[in-house]
Structures are given as structure tokens and as C-alpha cells.
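Notes for the structure review
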Amino acid sequence: MITEARKYQAFYTKSTPIVDYMVSKLQLNSLDKILEPCGGDGVFIDCIIEHNEFAKIDICELNPFAINILQKKYSNFQNINIRECDTLLDDELSFNSNFGGFYDKIIANPPYGAWQDYEKRIILKKMYSDLYAKESYTLFLYRCIELLKDNGILSFIIPDTFLNLHMHKSIRKHILTKTKIKELALFPSSFFPGVNFGYANLSIITLQKSNNQIEIRNNSFEVKTNYNNVEQLNNRNEDDLKVYTFSQNEILENPDYAFLISDNSLVSKTINNSKLKLGDIANCVTGFYSGNDKVYLKVNSHNLKNGKNYEIIDSKKINKDYKNINDILNGIETEKCYLPIVKGGNTKFLKPVGWYMNWSTEAVSHYKNDKKARFQNPKFYFKFGIGVPMISSSSITASLIENKLFDQSIVGIFPFEENLTYYLLAFLNSPTCNKLIRTINPSANNPANYLKKIPYKIPTEIQKNKIDEQITIILNSIKENGNYSSDNEKIINLIIEEIYGF
């Protein structure tokens, strides 16, 4: 059963500095027609009527409990109209948006990731066909942009995922071609103590509807980050903040209209101007999942991270000659049917062998037919390549896949030319690559589609040979001693920095 919290995802804005900041951005005047599309407990309305007691305000709210609170709270305000309706589907709002907008100002903290039943999801996909229908906040943002009059202003508090994620490409284009962004403030979700949004960072976007494409493209706006506390939103002394200025035309020229925010302008220029991307010189694919690792996966030690919940492998069942089996993708018929598998975990260059997957013919048949299993991209199983964890810590890491199986927690990278493997292994572990991927996708996730976008620069033969030499030393040291000298890594990173310029 879906709980009320999961259904509505109503995180009320219990922060006076945030509310004051957002209301100030609306530039209120006495003639405004204002919409709050998800009224909640009325915190924005309270602030608005403090500044303009007689503002004409429409409140939409889907939650009957919240509607009851709002009706009692504003029962004496003839200028406040409260409706129990679904903002995303309401016919009256659809009518108003189809005729060029209706409201002068719109303000909201819309629901994030609210549960949609399957029938509603089908309707939403038809109504908002270009958008990612599972993420409610982008649907609210699109809907409310359409409800604004020309020159109307909107201020929303939403997760910052719309800035870069591939699934939100369409809403970025809509913002950049239908509005003029006034300001974008980025801050951690920890500014809301005790509330788990499921998002690391939030943003407040203020924008103005516009029908003038020349003004839109030439519009410049500021992105403000590095807030230490919520009070800084309203503090005019911005010495501690990082402030970036962009033109909308500049963002529109970026791949997928992504907001590439970096302290180093050369990083953004490299992403935009690079003729080659990682996806042009290598396959980037996700790996295997058994469907039930507790049954099919074993470890050689309970000291492995997350290894305590798995059975210890019987060494007699490990197949060390699997590379010589021609039809390995159909499984192994003998008792020695366990193979090494590379899993996630932030280890550079080479992971120790510790995990083993059941690869018997019976098990492989299960993997190919079970609905939970993922027998995906099998032509890359047991190939020589590189594994990048799907989720990383502060820095991206990469390790060799030495003809092993690799699981879905990592992205397998297999260069079209195998002799590039060591160079790519060095690059993917470098601070240079980390700056690039964190500008492309600031989250800690490294899905294949984002890795494919990393700019690739061709090294000189001398540079490549030096890197190959250092990688060989590092790999041999790990195999012999379990570690390597940081001096070798520093040499590599300096060469990568020389190639990319940062």
C-alpha cells in the first residue's frame, strides 16, 4: 500500500529564509494574479499576504488533509481561492495554459518523485510526452511555465538533477527557449534538517516567461553556489559564494543543453568543443546480474567489504581455465563452475579477486530466463577492458577487467583498439577525468551514458608510451605487493594534465 507521504511527497518549506528569498524574487505588485500549484500548509501564501494583503491568489492542492487546513486558515480571505484538484491534470488549468497563460506570478515547492498510479502515469506520458513522467517536479515546472503570462515570474524550489541528467534534457530545452532565467541558487538539502528528500542538493530557480527569442538567447543569469547556511540566501554580502554567469545561448550550445558549472572554464570548453568522446573510441556497457546473488555468488573471505552475508567459496569449485572454454556463454558442465567476477568498489587500477559467480550450465540457463536476472551485453563478458563503479565516492575510479565477468554495479569500458586500454585506465583514474565527469554529471553516479560523453584527447606516441610504462609498473606492483607507489601515479597525472591542459 502506498503511504500518504509517498503518494504526495509533500516536503513543506519550514524555512523562513528560503520562503522570504523566493517571495522576494517574485517582484510582487498589487495587481498580480498568483498561483500556488501545490499549496501544502500555505507557507508561501502567508508570506505573500504579509507583503500584499489583497493579492488575488489561486491555491491548488491534491491532498484532502491539506485542503482542510488551507480552507480553515484562509476562510476570511475573499481574495484567496482554494481548489482540491490535480495541478498536472486539471482541465481548467489546461484551458488557461492553452491560451497563452493566466498568472503573473507562480511560486511552489512541488512534490519530488511523487507516486503516480499506473493509469495516471499513462495519462501523464500522453500529456507531457517529451518529459520524464516518473519525476513529478519537472512536470510541475513545465505545467507552471505554460500557465505564466508573458513576462510572468516563477520561483520554484526543486532538486538540482534537472541541470544535468540526460532524462531531463527536454525540460532544460523548454526552460531555455520559453523563459529568461533570472537566478539559480544551488544548496545542499541538509538546509532542511530532519527531512530526507532522497536528493543530495536542491536549487531555487527563478525565471520569467518570454515570447521574445532574441531576448531569451541573449539573456544572462547568475548561478550561485557554495552556501554555508540558509541565511546566506538573503545576505547581500556574497563574499563566500561562488557566482557563475552564463548566457542562455551558451547553455543551449552545450551537449543536451546541460548546465556545465565548473570553476575552470577550460573544463567546460573542453566538453563543448571536443570532437571525440569516450563513446566514440570505446564501448561503454553495463554488466551482469544473477537475479539472486545470495544464491549464486560466493566470496573467498568474509573480510571483503559486504562479504559477510555470502558463503565462502570451495576452492575446488573455482575454474581457473575458463578462458579456454569456447562456449563459455552457455555455462560450464563440470564441478569447477565458479568464475571470478569484478564488482563495484572504489579501487584504482586493479581489484583483488574475491568474488565468484556460479557459472554452471543450469545457473546460466537461469540467468538467461529469470525476470530479475540481467544477462545483458554478454559479448563483452570475459573480455579485456576497464571497470568503472556506477556509484563512486568523491572521485571516479577505474580498474582492469582482466577477461573476467563484470556485474551491473560497474560500467565496462572496452576500447575499440585494445592497445588504448592502459591509457584509458590511467585517464579514468586521473583528477583531470574527475573534473570532466563531475562537470558533466555532478552527482556521484557514473552511468554509461555519462561516461560516453567524456571528451577524449589523443596522446602523442611519446605520451602514450610513458603512460603505458607507468601503468605496467603500477599493475605489477599491485600483483606482487598489494599496493603501488604514488610517485608513479603522479607521473601519469602530470602527463594527462599536459594532454588536456588542466
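Residues numbered from 1 in each chain as written. Predicted model: local features only at pLDDT ≥ 70, side-chain atom pairs only at ≥ 80, totals over all residues. Heavy atoms only, no water.

1. Here's the deal with helix α6 (residues 118-127)
Residues spaced three or four apart along an α-helix face the same direction, because each turn holds 3.6 residues. Three or more residues of α6 are buried, namely K120, R121 and L124. Each buried residue of α6 sits inside an arc of 100 degrees when the element is viewed along its axis, so together they form one side. Away from the buried face of α6 by more than 90 degrees, exposed residues Y118, E119 and K126 are located. Buried-residue contacts for α6 involve α7 (136-147). (Buried < 20%, exposed > 50% of the residue type's maximum accessible area, 1.4 Å probe, protein only. Helix = DSSP H or I, 4+ residues; strand = E, 2+ residues; numbered from the N terminus. Arc of directions from axis to C-beta. Contact = heavy atoms within 4.5 Å.)

2. A short note on the sheet that holds strand β10 (residues 282-286)
Pairing in this open sheet of four strands is antiparallel, and the strands run β10-β17-β14-β15 from one edge to the other. Where the open sheet ends on each side, the last strands, each with one partner, are β10 and β15 (399-402). Across the sheet, the axes of successive neighbouring strands diverge by a mean angle of 30 degrees, strand direction being ignored. Direction of pairing for strand β14 (residues 384-389) relative to strand β17 (residues 410-415): antiparallel, over a ladder of four bridges. (Pairing = 2+ DSSP bridges. Axes fitted to C-alpha atoms, helices over the stretch in contact; angles between N-to-C directions.)

3. Details of helix α3 (residues 43-51)
Within α3 the residues assigned to the buried category are F44, I45, C47, I48 and I49. For α3, the secondary structure elements touched by its buried residues are α2 (16-25), β1 (33-36), β2 (56-61), β3 (80-84) and β4 (103-108).

4. Side note on the sheet that holds strand β6 (residues 179-188)
Taken in spatial order, the nine strands line up as β3-β2-β1-β4-β5-β7-β6-β8-β9 in an open sheet, and their pairing is mixed. Of all the strands in the sheet, the pair left with one neighbour each is β3 and β9 (242-247). The average angle at which neighbouring strand axes cross in this sheet is 15 degrees, direction not considered. Here β1 pairs with β4 via two bridges, running parallel.

5. Some details on the pairing of strand β12 (residues 338-342)
Along β12, five of the five residues are buried, which leaves the element largely enclosed by surrounding structure. Side chains Y338, P340 and V342 project from β12 onto one buried face, and the interleaved L339 and I341 project onto a second face that is buried too. Two elements, β12 and strand β13 (residues 355-358), share three bridges in a ladder whose sense is antiparallel. Along β13, the bridge assignment pairs Y338 with N358. Here β12 runs beside strand β16 (residues 405-406); their pairing, made up of two bridges, is parallel. Directly across from I341, in β16, lies its bridge partner L405.

6. So, the packing of helix α16 (residues 431-440) against helix α19 (residues 486-500)
Between α16 and α19, whose axes approach to 8 Å, the crossing angle comes to 50 degrees. Classified by the interaxial angle, the pair formed by α16 and α19 is oblique. Contacts between α16 and α19 involve P431, T432 and L436 from the first element and N493, I496, E497 and Y500 from the second. Of the residues in the contact of α16 with α19, the class split is four nonpolar, two polar and one charged. (Parallel < 35°, antiparallel > 145°, perpendicular 65-115°, else oblique. Nonpolar A, V, L, I, M, F, W, Y, C, P; charged D, E, K, R; others polar.)

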